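Chain and residue survey
Here's the letter readout for the chains.
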Amino acid sequence: NHDALLSDFLAGGDGGPPGVAVTALPLVSSADDHARCEGAVKGWADSAGEGDNGGDKLNLKDLLFFLHIPRTGGRTYFHCFLKKLYTNAQECPRSYDKLRFDPSHPDCTLVVSHDDYSLTSKLPRERTSVVTILRNPVDRVFSTYEFSVEVAARFLVHPNLTSAKTMTSRVLTKSRAVSTLDIWPWKYLVPWMREDLFSRRDARGNDSVPSSKKINAYDVEDMVMPLHQYINDPVAHEIIHNGATFQITGLTNNSYFDGAHEVRHCVRKHPDLGRFVLQVAKNRLDRMLYVGLTEDHEESARLFAHMVGAQVLSQSGALKLDVQEDQPSGTDSHSSMLDPEDEETNEHMNSTHGWKNNEALNTTEDDHGKGNMTVGKLMETYEGCIAKLRKSQSSRRRISLKKVAEANFTKATRRHVPEAILNQIISLNSLDMELYEHAKKIFKQEHLMLKGQHPMVVQQKQSADQIVRSSSYEGQHPMVVQHKQLTDQKGLGTSCLVKALPNNVYIIYQTKGSMLT
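Residue numbering note: each chain is counted from 1, following its sequence as written. Totals for whole chains, interfaces and linings use all residues, but because this is a predicted model, local features are given only for residues with pLDDT of at least 70 and pairs of side-chain atoms are given and counted only at 80 or more. Side-chain calculation: all heavy atoms of the structure are included, whereas hydrogens and water are not.

As a reminder, the rule being used: UniProt positions are given in the numbering used here, feature names are shortened, and annotations may be inferred rather than shown by experiment.
The protein chain is annotated in an unreviewed UniProt entry as Sulfotransferase from Aegilops tauschii subsp. strangulata. Of the comments in the UniProt record for the protein chain, the one headed Subcellular location (unreviewed entry) reads "Membrane".

A few points about the overall build of the protein chain
Defined as follows: Numbering of helices and strands runs from the N terminus; a helix is a DSSP stretch of H or I covering at least four residues, while a strand is a stretch of E covering at least two. Summary of the burial criterion: residues with accessible area below 20% of their type's maximum are buried, those above 50% are exposed, and those between are partly exposed, where the area comes from a 1.4 Å probe applied to protein chains only. In this description, contact between two residues means that some pair of their heavy atoms is separated by no more than 4.5 Å. Working definition of accessibility: Shrake-Rupley area with a 1.4 Å probe, residue cover restricted to the visible protein chains.
When helices and strands are counted, the protein chain shows 18 helices and 9 strands. In the protein chain, which comprises 517 residues, the proportion classed as buried is 57%. Counting only contacts in the protein chain whose residues sit at least 6 apart along the sequence, the fraction spanning at least 24 positions is 78%. Split by element, the accessible area of the protein chain, about 21,800 Å² in all, is 51% carbon and sulfur.

Topic: unusual backbone geometry
The amide bond that connects W184 to the next residue, P185, takes the cis arrangement and shows omega of 0°. Relative to the helices and strands, P185 resides in the loop between α5 (161-175) and α6 (186-204). Here the phi dihedral of N242 falls at roughly 55°; this positive angle occurs in a residue that is not glycine. Along the chain, N242 turns up in the loop between α8 (234-239) and α9 (243-249).

Some remarks on the pattern of salt bridges
Note the threshold: One speaks of a salt bridge when a side-chain nitrogen belonging to Lys or Arg is within 4 Å of a carboxyl oxygen belonging to Asp or Glu.
Counted by the stated rule, this structure contains 20 salt bridges. Salt-bridge contacts for D196 lead to R200; the nearest nitrogen and oxygen are separated by 2.5 Å. On the criterion of helical spacing, the pair formed by D196 and R200 is a turn pair, its members being 4 residues apart in helix α6. You'll find D196 and R200 in the same group, each marked buried. Taken together, the salt bridges that share partners define one network made up of D33, R36, E262 and K269.

Examining α6
The criterion, for reference: One fewer than the residue count of a helix, multiplied by 1.5 Å, yields its expected span.
Here α6 is 19 residues long and its end C-alpha atoms lie 26 Å apart, about the 27 Å a rise of 1.5 Å per residue gives. Of all 19 residues in α6, 14 are buried; the element is thus mostly enclosed. G205, located one to two residues past α6, shows a positive phi value of around 80°.

Overview of the pairing of strand β4 (residues 290-293)
Each regular strand carries side chains that alternate between the two faces of the sheet. Our working definition: Strand pairing is assigned whenever DSSP identifies at least 2 bridges connecting the two strands.
Across the two faces of β4 the burial is the same, with Y290 and G292 and V291 and L293 all buried. The sheet contact formed by strand β3 (residues 128-134) and β4 spans 4 bridges and is parallel. Looking at the pairing, L134 lines up with L293 of β4.

Observations regarding the sheet that holds β3
Under the convention used in this document: Inter-axis angles, ranging from 0 to 180 degrees, are taken between N-to-C directions of lines fitted to C-alpha atoms, where helices are fitted over the stretch in contact.
Reading across the sheet, the 4 strands line up as β2-β1-β3-β4 and stay open at both edges, with parallel pairing between neighbours. One side of each edge strand has no neighbouring strand; the edge strands of this open sheet are β2 (110-113) and β4. If you compare each strand with its neighbour and ignore which way they point, the axes differ by 15° on average. Taken strand by strand, helix α3 (residues 74-85) contacts β1 (63-67), β2, β3 and β4, and its axis lies near 145° from that of β1. Contacts from helix α12 (residues 297-316) reach β1, β3 and β4 within the one sheet, and its direction differs from that of β4 by about 165°.

Observations regarding the environment of D33
Put simply, the test is: What qualifies as a polar contact is a pair of N or O atoms within 3.5 Å, subject to a donor-acceptor requirement within protein and to the restriction that residues adjacent in sequence count only when both atoms come from side chains.
Of note, D33 is situated in helix α2 (residues 31-50). One polar contact links D33 to K269, side chain to side chain, over a distance of 3.2 Å. A polar contact is formed between the side chain of D33 and the side chain of H270, at a distance of 2.8 Å.

Okay, here's the thing in structure tokens:
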């Protein structure tokens, strides 16, 4: 039942942190308890900053860790970018399956996982670059609720749990995919919601009786756990609220850090201590290779292609550079871009239902780009890929929700949610709200660099001794990391800023005074 489920995940549970046994702490406050908690949180914050010296954050290192915050569209990036850039052999095996994930695999160069930042303790940190995507916390809570209902509702279509597990195992064995039920946080949230759906169905007494509630899809209480109940449940407090902050700081209930439970619960009991956790999260965002935003998905994709994709292609020797790659294509990219709500609902395509619509995504063949590739071609590939995801998403959701059809979650139905509930979500996610604002500042810097500087990408044939290596150009976007004096023969003026890539490739930015042009 629900109490047993809550107790299970609080104590580590099936699939929880290995070797970590914890108990729920009472939400009481006292001066002594505050002092104890402050010591624990500050001690963790001090130690968390020690290993985060970052180095040259803007050069892609040997291993790329995509820290996938749930419901941000990360699976779209995995299928439509990273699977085109990396081979299956380069991806660390079973990245999404913590119990069997082996981060010490000698040849892997890509980790994409819902595991929190504590996973870096298992990785060669000095050789690892981290990227992530953040989303408006209110929208992310809505989406988490919606996806919990959608996946759990599949068991109303296939009510025999043993049969569903057998079917899942059979299909996943063939496709080498990973079930949603094996992935944090869904391995907790889906069983919780599934149990609730079955209880409400049994209480109705007739599976076909429609709900009497027809206005607010988020309050169809005789069919689905209402949103207001969902956000106030201890499970939501433990896993969902401020989830992005706890994931980036490595403090989730899925953490490799033994003290994560104590720090997390101290912050819950004493919200003023959240400032220490928030500062660690901001510092880690600052040191990441790339930070994207779900709400600005088109520009985020372009930034990812330029800041991450170009370096992967260059390091693999597959990048063919030309001056046309930053030019707009002949098609309207908006026509194939997913709305953020549609984009993130295409995550976990390999879950309990609907594999036939996604066979192309679950192929066992290496589907990375072969031969020469430009950033422009990478973006074209991405747009074609997400167009396919959009086509499959609609039918998958329709099939999943057919037994709870009145839980018709759309942007329009969200507007029926009372303002009091929206304000409560904001209050419960105060750390995530502030972290999201910080991410927007980082994103703006990335955006201005890409949109305003228009770097010309060329194949530079000069020998290494002609490159004057010096300090980064103060005041400009941090992607510009080297200064170079070019000869007049190149016709590029006398002062340029250069981003050095492998294989004698350079991105050149011409300067005028103190500004890049």
